[in-house]
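Each chain, letter by letter, is given below.
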Amino acid sequence: MKSIELHDKSFELYIDKNKIAGRVKELATQITNSIKSDKPPVFIVVLNGAFMFAADLLKQMDINADISFVKLASYSGTSSSGKVKKIIGLNEDIEGRTVVIIEDIVDTGITMEMVLKELSVFCPEKIYIATLLYKPAAFTKNFAVHFVGFEIPTDFVVGYGLDYNGFGRNLPDIYVLK
Ligand code: IMP
């Protein structure tokens, strides 16, 4: 099994790029078929972690849509700090529109709940959540997570956009902490 070192930790291969690509393609079809709206939807990509997933996902979707990139406070280390900042960078008017939030991972759900709260203020018609990874055992909230690439245990993962203290985002595969 392929292993990598990032900072002081070792990680082993968990989900390879071919498996990711196959699942991303399925998700793209699922999302395209589920979005029923008169107006073009707005995809809101949560940076930094979702950049790679969003690029691959959106390339597979043959629809007219606005794409916006927002940023939040970052996550440090291998456990959620629970502290998050406000959304910055939302330039599109989302009132009355269908919004699809694109995230890399939903862990406890604290971050996503904050994103939902902030976006709701602008009165979108409907908000969907698309996340590559979801840790159901860590999830403490009760909102629906509509489109999930892979459900995973509460292990810490890196790669394909996800980092460990800044490193690992560029890896094409997903690795899990040993
Ligand atoms: P939550 O608020 O606990 O749901 O955490 C969400 C954020 O924590 C994600 O957007 C990631 O930035 C980070 N995160 C959670 N789990 C992991 C992981 O396994 N690897 C890397 N980052 C993670």
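A brief look at the structure comes next.

So, the pattern of salt bridges
In step 1: Counted by the stated rule, this structure contains eight salt bridges.
In step 2: When the shortest N-O distance is used, the salt bridge between Asp56 and Lys59 registers 3.6 Å. Of this pair, Asp56 and Lys59 are both found in helix α2 (residues 51–59), three residues apart, which corresponds to roughly one turn of the helix.
In step 3: Look at Asp56 and you get partly exposed, because its relative accessible area is 26%.
In step 4: Since its relative accessible area comes to 65%, Lys59 is described here as exposed.
In step 5: For the salt bridge of Asp66 with Arg97, the shortest nitrogen-to-oxygen distance reads 2.6 Å. Linking Asp66 in strand β4 (residues 66–71) with Arg97 in the loop between β4 and β5 (98–106), this pair joins segments that are 31 residues apart in sequence.
In step 6: Given a relative accessible area of 11%, Arg97 falls into the buried group.

With respect to the side chain of Thr98
In step 1: Mapping Thr98 onto the fold places it in strand β5.
In step 2: Beyond its immediate chain neighbours, meaning those up to four positions away, Thr98 contacts Ile35, Ser37, Pro41, Val42, Glu125, Lys126 and Tyr128.

Examining the pairing of strand β7 (residues 147–151)
In step 1: Burial runs high along β7: four of the five residues are buried.
In step 2: Here four bridges tie strand β6 (residues 126–134) to β7, and the two strands are oriented parallel to one another. Considered in β7, the bridge of Ala130 is made with Phe147.

Focus: the packing of aromatic side chains
In step 1: Considering all chains together, one arrives at six aromatic pairs under this definition.
In step 2: Note on Phe11 and Tyr164: the rings are 5.9 Å apart at their centroids and 50 degrees apart in plane angle, and the pair reads as tilted. Here Phe11, found in strand β2 (residues 9–15), pairs with Tyr164, found in the loop between β8 (157–158) and β9 (174–177); they are 153 residues apart in sequence, far enough to count as distant. Across the pair, Tyr164 and Phe11 agree in class, each one buried.
In step 3: When the centroid spacing of 5.6 Å and the interplanar angle of 40 degrees are considered together, the rings of Tyr128 and Phe147 count as tilted. Pair noted here: Tyr128 is in strand β6 and Phe147 is in strand β7, with a separation of 19 residues, a long-range link.
In step 4: Three or more aromatic residues joined by ring pairs make a cluster, and in this case those are Phe11, Phe156 and Tyr164.
In step 5: The cationic tip of Lys126 hangs over the ring face of Tyr128; the distance from NZ or CZ to the ring centre is 5.0 Å.

A word on the sheet that holds β6
In step 1: Overall, parallel pairing links the five strands, which are arranged β4-β3-β5-β6-β7 in an open sheet. Because the sheet does not close on itself, it has two edges, and the strands there are β4 and β7. Adjacent strand axes in the sheet meet at a mean angle of 20 degrees, parallel and antiparallel pairs treated alike.
In step 2: In terms of strand pairing, strand β3 (residues 42–47) meets β5 through four bridges, oriented parallel. Residue pairing for β5: Ile44 is matched across the bridge by Ile101.
In step 3: Set on the sheet, α2 makes contact with β3, β4, β5 and β6; between it and β5 the angle comes to about 135 degrees.
In step 4: Helix-sheet contacts for helix α3 (residues 110–120) involve β3, β5 and β6, and the interaxial angle to β5 is about 165 degrees.

Here's the deal with the site of the ligand
In step 1: Taken together, 17 residues form the shell around the ligand, and within it Thr108, Gly109, Thr111, Lys135 and Val157 come nearest.
In step 2: For the ligand, an oxygen atom lies 3.4 Å from a polar atom in the side chain of Asp104.
In step 3: With respect to the ligand, the side chain of Lys135 contributes an N or O atom lying 2.9 Å from an oxygen atom.
In step 4: Summarising the interface, the protein chains cover 92% of the accessible area of the ligand, which totals 490 Å² for the free molecule.
In step 5: For the shell around the ligand, the secondary structure elements donating two or more residues are β5 and α3.
In step 6: Examining the composition of the shell around the ligand, we find that four residues originate from one element, β5, more than from any other.
In step 7: Here the residues of the shell around the ligand sort into seven nonpolar, four polar and six charged.

Quick notes on the rules
Residues numbered from 1 in each chain as written. Predicted model: local features only at pLDDT ≥ 70, side-chain atom pairs only at ≥ 80, totals over all residues. Heavy atoms only, no water. Salt bridge = Lys/Arg side-chain N within 4 Å of Asp/Glu carboxyl O. Helix = DSSP H or I, 4+ residues; strand = E, 2+ residues; numbered from the N terminus. Buried < 20%, exposed > 50% of the residue type's maximum accessible area, 1.4 Å probe, protein only. Contact = heavy atoms within 4.5 Å. Pairing = 2+ DSSP bridges. Phe/Tyr/Trp six-rings, centres within 6.5 Å; stacked < 30°, edge-to-face > 60°. Lys NZ or Arg CZ within 6 Å of the ring centre and 35° of its normal. Axes fitted to C-alpha atoms, helices over the stretch in contact; angles between N-to-C directions. Near = heavy atom within 4 Å. Polar contact = N/O pair within 3.5 Å; in protein donor to acceptor, adjacent residues only side chain to side chain. Areas by Shrake-Rupley, 256 points an atom, 1.4 Å probe, with all protein chains shown as cover. Nonpolar A, V, L, I, M, F, W, Y, C, P; charged D, E, K, R; others polar.

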